[in-house]
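In case you want the letters, here they are:
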Amino acid sequence: MPANRFNAFTDYGIGLGLRVPHYAHILEQKPTCDWFEIISENFMVDGGRPLHVLDQILEQYRVVQHGVSMYFGSADQPDRAHLKKLKALVRRTKTPWLSDHLCWGSVDGTFTHDLLPMPYTLAAAKRTAEKIRQVRDYLEVPICVENVSSYAEFHVSEMTEWEFLSEVVERADCGILLDVNNIYVSAQNHSFDPYDYLRGVPADRVGQIHVAGHTKFEQYLLDTHDHPVLDPVWKLYAQAIRQCGVTATLLEWDDKIPSFEEVHDEAMKANAFIAGARTAKAAKRTAKTHTALAPP
Amino acid sequence: MPRSTLPTPSGLKPPPKHAPRRLRTDADLRALQRMMTHALLQPLTADDELAPRWRDGRPMAEVAAEFIKPNDRLSSFERLQIYARGYWFRVIDGVYEDHPGLRALLGDKKFSALVRAYLAKYPSRSFTMRNLSSRLPQFIREAPRWTAPRTALAHAVARFEWAQTIAFDAAALPVLTAAEIARTPPARLRLGLQPYVSLLAVDWPVDDYVMAVKTRDALRREASHAVEHGPRPAARKKIPLPRRRRVFIVVHRYPHRLYYKRVDSAGFKILTALAAGRTLARAVAAAGRGVTPRQVGEWFATWMELGWFCRR
Ligand SMILES: [Fe+2]
């Protein structure tokens, strides 16, 4: 069940984030990579080297757009000029789906460039879902919203984060980019069980998964994307694909970026968990068949 | 100091007096978001901590507790502080990366104070960090105390560095060909300058200065990569300040790489006149009498080869 309407019925495998330090290697060596995730904002420019590089990448690879500034949860209306630029990029990359975060980060047109947590209330869920619909209708591409790492919660919240996520995606009828590292980080920071979160996610809406590394401080975890993925996050990932099916997966590595090979090798670790999930599923099916065939 | 005099960052609406107790409407959501944004945008203390007081003089801890839950490890104030630091370090880094020259000129401490004061007044108004320093040259002029006694030089360096951001990824419009130019008589022909081209007349050779800083920094980076195999790299070598001298610089790209090209004052006058919308004939006349038609012809040949002209 990897292909669903939230990832345009594609069956993408393991992807990597396209990052500047790897440009030369990718363009010269043309390494194998199922797909690249690009940060939309880096290419929402009018010309120059970014688009020149992107066009060369597009000749060789499949690209999926991931945004960091749509701020579905901001009280501000989506900005028309911004949407227009984004749509031009969607046409250029032919991204099968587009993701951005379930968060806010700007108000009255002033930007923090951060992914700030939402107040988990019904009113905020309704507002956010409406905005997702507006953006999708304009861009004409399926949208997956990503859960963020957070370090604070609001007094006004009336539900859990996963209830809020479900409320938003059901109302917007959109997909989920499930970031299992973010679930883990937030679970530690807010003392909930990450597996409760997973169980609360509408699995049939998950169109893509993120894995990443984080940093441990004494009193909280910080989502830094500057490490290999930690073991408890891989475990959570294994459970996520058991629950959602094998899903397009991307490793995020955005800081202290090592060589392309090193990032690639780290991402490929996901294969072991995918294989595990496939075997478990096959075993379950065989067991079922045997039960069906067993004499009464 | 009366706290109410704390300036509201440009473009931001004032926050509510108190955080909303319930969130039932879009207005409540906006009020909460304004409250938190104001808290994040207040400059950090000298020790990089969240400001101890809210804009109206109340303790920040009290204000943070109005909207952020504490947990068993962190107070509301501390949780808000994680975001405030994240915000400031992110935007300071963004400006830092784009201004190696200004950093070298002012020194790290003074540069950091300038950037913090700048961002406190002019926070980002764009979805992309690329535009973070668009108003920095203007701010340097408005608030000279952060760069004194080198305000004019700092302004020139900041303009030059911002021009590089423009040259990197601004639009390239279809280039005007010689044939197209030949079709219109000079008295009527108006040429556009590519959006990625910036014309700078400055009182210091800031191009040489910034180039020297970049070369030094690149060498240091190489040396620090090799540090395991050799002696520690030497301390940062100081680049001598440029001597005052009027220069005319065109910052551009070709085809995707950044370049700075010096032109002489007559050439600069022609380019500036064209950029201002003068006809070709009037722009060339602006250069004055000391320029021969042959010289002008050579300049245009080079400029056209570089693709600087487009339709307007
Ligand atoms: Fe993510």
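Residues numbered from 1 in each chain as written. Chains lettered and ligands numbered in written order. Predicted model: local features only at pLDDT ≥ 70, side-chain atom pairs only at ≥ 80, totals over all residues. Heavy atoms only, no water.

1. Examining the sheet that holds strand β4 (residues 258–263) of chain B
Residue and element names in this part refer to chain B.
Here is step 1 of the chain: Pairing within the open sheet is antiparallel, and its three strands lie in the order β2-β3-β4. Of all the strands in the sheet, just β2 (198–202) and β4 have a single pairing partner and so form its edges. Averaged over all neighbouring strand pairs, the angle between strand axes comes to 25°, with direction disregarded.
Here is step 2 of the chain: Inspection of the sheet shows β2 paired to strand β3 (residues 247–253) by five bridges, in the antiparallel sense. Counterpart to L200 in the pairing with β3 is I249.
Here is step 3 of the chain: Those strands touched by helix α10 (residues 265–275) are β2, β3 and β4, and its axis lies near 135° from that of β2. (Pairing = 2+ DSSP bridges. Helix = DSSP H or I, 4+ residues; strand = E, 2+ residues; numbered from the N terminus. Axes fitted to C-alpha atoms, helices over the stretch in contact; angles between N-to-C directions. Contact = heavy atoms within 4.5 Å.)

2. Here's the deal with the pattern of salt bridges
Here is step 1 of the chain: One pass over the full model with this rule turns up 33 salt bridges over all chains.
Here is step 2 of the chain: As a salt-bridge pair, R244 of chain B and D203 of chain B come within 3.6 Å of each other at their nearest N and O atoms. Residue R244 of chain B is located in the loop between α9 (206–225) and β3, and its partner D203 of chain B is located in the loop between β2 and α9; the two are separated by 41 residues in the primary sequence.
Here is step 3 of the chain: A residue is classified by how much of its surface remains accessible, and R244 of chain B, at 61% relative accessible area, is exposed.
Here is step 4 of the chain: Each of R5, E170, D173 and R205 of chain A takes part in salt bridges that share partners, so that together they form one network. (Salt bridge = Lys/Arg side-chain N within 4 Å of Asp/Glu carboxyl O. Buried < 20%, exposed > 50% of the residue type's maximum accessible area, 1.4 Å probe, protein only.)

3. Structural notes on the environment of A182 of chain B
All names here are of chain B.
Here is step 1 of the chain: Looking at the secondary structure, you find A182 in helix α8 (residues 178–183).
Here is step 2 of the chain: Take A182: its relative accessible area is 65%, and that puts it in the exposed class.
Here is step 3 of the chain: C-alpha of A182 to C-alpha of L200: the two residues are 18 residues apart in sequence and 28 Å apart in space.

4. Points about the coordination of the iron ion
Residues and elements named next belong to chain A.
Here is step 1 of the chain: Bound to the iron ion on the protein side are E146 (OE), D179 (OD), H210 (ND1) and E252 (OE), at distances that span 1.9 to 2.3 Å.
Here is step 2 of the chain: Every donor residue of the iron ion comes from the same chain, spaced as E-x32-D-x30-H-x41-E. Taken together, the residues H210 in strand β9 (residues 206–212) and E252 in strand β12 (residues 249–252) connect sequence positions 42 residues apart.
Here is step 3 of the chain: Overall, the relative accessible area of 5% leaves E252 in the buried class. (Donors = N, O, S within 2.8 Å, 3.2 Å for Na, K, Ca; no water.)

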